[in-house]
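Next come the chains, spelled out residue by residue.
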Amino acid sequence: LQALANLRIIRELHGSSMPVEFWHAFELSETHCAALKTWGAECRSIRLPGVYRQYETVLPAIMLSSFRHILWMDTDITPLLPPERLFETERYKTEGALFWPDHWGAGCEQFGATAWPRHVLWHLLDLPYDRSSASYVAEHEPGHMLVDKERHWLPLCLANYLAS
């Protein structure tokens, strides 16, 4: 279980005691949850109607979390430093959110669709495409982000609506 391995790294290697919630849509067994609990994590299920395919649990989990300041990390991400340090950065304090670019972008034929110059997104948002800006030619990595739910509740609601 990758989640357990990364939790051990956070606790043992980084000495972090930050509270942790593992969200799932009914796929973790009680045995998994008991193992996570031994390392100080809460196992939480999304109990909303619906069928959650692939990445559709991210926004509901963020919105349902008991935390105001959210560090979302997919279980395949191993932190190289104590994760709580990210909340202390000036950028997070100023913006209330941190996002990282994905590997894909405008130059990737198979992936990177939202970074393409003719993607419907630019038309819907009434934004001119700017090939010289990294904000336009790179996609957001959805596997890890920091968000202050209180500051960004309405954008989270909109993103959840658009994703469902």
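Residues numbered from 1 in each chain as written. Predicted model: local features only at pLDDT ≥ 70, side-chain atom pairs only at ≥ 80, totals over all residues. Heavy atoms only, no water.

1. As for the layout of surface pockets
If you add up the space inside the second largest pocket, you get close to 870 Å³. Lining of the second largest pocket is provided by 36 residues; of these, Glu 21, Phe 22, Trp 72, Met 73 and Thr 75 occupy positions nearest its centre. Its residues placed into classes, the lining of the second largest pocket shows 24 nonpolar, 8 polar and 4 charged. (1 Å grid on protein atoms, 1.4 Å probe; cavity = no way out; pocket = protein on both sides within 12 Å on 5 of 7 lines; lining within 4 Å. Points joined across faces, edges and corners; volume = space filled by probe spheres on them. Nonpolar A, V, L, I, M, F, W, Y, C, P; charged D, E, K, R; others polar.)

2. Here's the deal with the side chain of Arg 11
Considering the arrangement of structural elements, one finds Arg 11 in helix H1 (residues 2-13). Of the buried charged residues, Arg 11 lacks a salt bridge, with Glu 84 as the closest side chain of opposite charge at 6.9 Å. Of note is the side chain of Arg 11, whose polar atom sits 2.9 Å from the backbone oxygen of Trp 39. Residue contacts for Arg 11: discarding those within four places in its chain leaves Ser 16, Ser 17, Met 18, Val 20, Trp 39 and Gly 40. (Helix = DSSP H or I, 4+ residues; strand = E, 2+ residues; numbered from the N terminus. Buried < 20%, exposed > 50% of the residue type's maximum accessible area, 1.4 Å probe, protein only. Lys, Arg positive; Asp, Glu negative; His and termini not counted. Salt bridge = Lys/Arg side-chain N within 4 Å of Asp/Glu carboxyl O. Polar contact = N/O pair within 3.5 Å; in protein donor to acceptor, adjacent residues only side chain to side chain. Contact = heavy atoms within 4.5 Å.)

3. Notes on the pattern of salt bridges
Inspection of every chain in the model, using the stated rule, returns 5 salt bridges. Measuring nitrogen to oxygen at the nearest pair gives 3.2 Å for the salt bridge that ties Lys 37 to Glu 42. Arg 68 is the partner of Asp 148 in a salt bridge, and the nearest nitrogen-oxygen pair spans 2.8 Å. With Asp 148 in strand S5 (residues 138-148) and Arg 68 in the loop between helix H3 (58-64) and strand S3 (69-73), this residue pair connects regions lying 80 residues apart in the sequence. Residue Arg 68 is classed as partly exposed on the basis of its relative accessible area of 37%. Ionic contacts of the salt-bridge type, sharing partners, join the residues Arg 68, Asp 148 and Glu 150 into one network.

4. Side note on the state of the cysteines
Taken as a whole, this structure holds 1 disulfide when the rule is applied. A sulfur-sulfur separation of 2.0 Å characterises the disulfide bridge that pairs Cys 33 with Cys 43. Disulfide Cys 33-Cys 43: the torsion about the S-S bond is -45°, which places it as left-handed. Of this pair, Cys 33 sits in helix H2 (residues 30-38) while Cys 43 sits in strand S2 (residues 41-45); the two residues are 10 residues apart in sequence, bridging distant segments of the chain. Given a relative accessible area of 21%, Cys 43 falls into the partly exposed group. (Disulfide = S-S within 2.5 Å.)

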